[in-house]
Amino acid sequence: MDDKVVDSRTADEGAAIRRRRECLACGRRYTTYERLEEVAFLVVKRSGQRQPFDRSKVVAGVRSATKNRPVSPEQMDALAGEVEEALRLEGAEATTHQVGVAVLERLRVLDDVAYVRFASVYKGFSELGDFQREVGELIKETAPKQQPAILTDRPAHGSVR
C-alpha cells in the first residue's frame, strides 16, 4: 500500500511520533504512531538464568547500604541509572558480578561507609578480617600521596640556624 505523510508531530511527551497519512489509492486518512523499540537488557544470574535488568533492585541495594548516610534518593536513582547506562554500552547482557562491581565503583566515590556496607553483602564477608582488608584497600586508594621531604642545607625562611 502506498501512502504519503500529511502531518508529523511528537506525541506522548516526545516518546513517540504521530504521523497522519493518506492512502494514495483510495484517499482515506489514518494515523500511525512510531516509538523507539526498547532493546531488552538482561542480567545473567549465577545459575545461568536470565532476567530483565531491574533498576529498582539496584536502588534497593544502594538504599540499604546508605541507610542513615548523607545520600539522597536522587543520588541513589542517579547511581542506578549510571550503572544501567554503563552496562548497556557493553552489550545486551550483564552478569550479576558486573552489576555488583559497577555499583561498588560508584559507591566508592559517593560514600565510603555505604561502599563497605555494600561490599560486605556483595562479597559475602564472614569475618572481621574481611572488613579490615576492604577498609585497608579503600584507605590505600583514597589516601593522598605524601610528598617526600626535601633536604637542603639552607634554613627555611624565617628560621634560625
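Structure shown above.
Residues numbered from 1 in each chain as written. Predicted model: local features only at pLDDT ≥ 70, side-chain atom pairs only at ≥ 80, totals over all residues. Heavy atoms only, no water.

Chemist: Any chance you could explain the overall build of the protein here in plain terms?
Modeler: When helices and strands are counted, the protein shows five helices and six strands. Within the protein, the fraction of its 161 residues that count as buried is 25%. Sequence-distant contacts, at least 24 apart, represent 34% of the contacts inside the protein between residues at least 6 apart. Carbon and sulfur atoms provide 52% of the accessible area of the protein, an area that totals close to 12000 Å². (Helix = DSSP H or I, 4+ residues; strand = E, 2+ residues; numbered from the N terminus. Buried < 20%, exposed > 50% of the residue type's maximum accessible area, 1.4 Å probe, protein only. Contact = heavy atoms within 4.5 Å. Areas by Shrake-Rupley, 256 points an atom, 1.4 Å probe, with all protein chains shown as cover.)

Chemist: Any chance you could explain the nonpolar core here in plain terms?
Modeler: It is characteristic of soluble globular proteins that their nonpolar side chains tend to be buried jointly. The biggest cluster of nonpolar side chains holds 26 residues, and the ones touching the most others in it are Val-58, Val-62, Leu-79, Val-83, Val-99, Val-103 and Leu-107. Every element with two or more residues in this core is listed here: helix H1 (55-65), helix H2 (73-90), helix H3 (96-110) and helix H4 (112-122). (Core = buried A, V, L, I, M, F, W, Y, C linked by side-chain atoms within 4.5 Å.)

Chemist: Can you walk me through the sheet that holds strand S2 (residues 16-23) in this structure?
Modeler: Strand pairing in a sheet is mediated by backbone hydrogen bonds. Such pairs are either parallel or antiparallel. Across the sheet, which stays open at both edges, the three strands sit in the order S1-S2-S3 with antiparallel pairing between neighbours. Strands with a single pairing partner mark the edges of an open sheet, and in this sheet they are strand S1 (3-11) and strand S3 (29-35). Taking the axes of each pair of neighbouring strands and ignoring which way they run, one obtains an average angle of 25° across the sheet. Bridging between S2 and S3 involves seven bridges; their strand directions are antiparallel. In the strand pairing of S3, Glu-22 is matched with Arg-29. (Pairing = 2+ DSSP bridges. Axes fitted to C-alpha atoms, helices over the stretch in contact; angles between N-to-C directions.)

Chemist: Sorry, what's going on with the environment of Ala-114 here?
Modeler: In this fold, Ala-114 is placed in helix H4. In sequence terms Ala-114 and Thr-66 are 48 residues apart; their C-alpha atoms lie 4.9 Å from each other. Setting aside chain neighbours within four positions, we find Ala-114 in contact with Ala-65, Thr-66 and Leu-107.

Chemist: Even after reading the chapter, I still don't get the state of the cysteines, so can you show me in this structure?
Modeler: Under the counting rule described, the total for this entry stands at zero disulfides. Of all cysteine sulfurs, the one in Cys-23 lies closest to Cys-26, which takes part in no disulfide; the gap is 3.6 Å. (Disulfide = S-S within 2.5 Å.)

Chemist: Looking at this structure, how should I read H2?
Modeler: Owing to its 3.6 residues per turn, the α-helix aligns residues three or four sequence positions apart on the same side. Taking 1.5 Å as the rise per residue, H2 with 18 residues should run 26 Å; its terminal C-alpha atoms sit 26 Å apart, in good agreement. Lining the buried residues of H2 we find H1, strand S6 (93-95) and H3. Following H2 by one or two positions, Gly-91 has its phi on the positive side, about 150°. (Expected span 1.5 Å × (residues − 1).)

Chemist: Help me out: how do you make sense of unusual backbone geometry in this one?
Modeler: For Asn-68, which is not glycine, the phi torsion reads 65° and is therefore positive. Along the polypeptide, Asn-68 turns up in the loop between H1 and H2.

Chemist: When you look at the packing of H3 against H4 in this model, what are you seeing that I'm missing?
Modeler: Describing two packed helices takes the angle between their axes plus the distance from one axis to the other. Interhelical geometry of H3 versus H4 gives an angle of 160° and a closest axis separation of 8 Å. In terms of their interaxial angle, H3 and H4 are classed as roughly antiparallel. Of the two possible hands of crossing, H3 and H4 adopt the one that is left-handed. Across the interface between the two elements, Thr-96, His-97, Gly-100, Val-101, Val-103, Leu-104, Leu-107 and Arg-108 from H3 touch Asp-112, Ala-114, Tyr-115, Phe-118, Ala-119 and Tyr-122 from H4. Of the residues assigned to the contact of H3 with H4, the class counts are nine nonpolar, three polar and two charged. (Parallel < 35°, antiparallel > 145°, perpendicular 65-115°, else oblique. Left-handed = near helix turned anticlockwise from the far one by under 90°. Nonpolar A, V, L, I, M, F, W, Y, C, P; charged D, E, K, R; others polar.)

Chemist: Can you help me understand the pattern of salt bridges in this one?
Modeler: Any two side chains of opposite charge can pair, given that their charged atoms come close. Applying the stated rule across the entire model yields 15 salt bridges. Measuring nitrogen to oxygen at the nearest pair gives 3.4 Å for the salt bridge that ties Lys-140 to Glu-137. Of this pair, Lys-140 and Glu-137 are both found in helix H5 (residues 128-142), three residues apart, which corresponds to roughly one turn of the helix. For Lys-140, a relative accessible area of 59% translates into the label exposed. On the basis of relative accessibility, which here comes to 34%, the residue Glu-137 falls in the partly exposed class. Via salt bridges that share partners, Asp-3, Arg-19, Arg-21 and Glu-34 belong to a single interconnected network. (Salt bridge = Lys/Arg side-chain N within 4 Å of Asp/Glu carboxyl O.)

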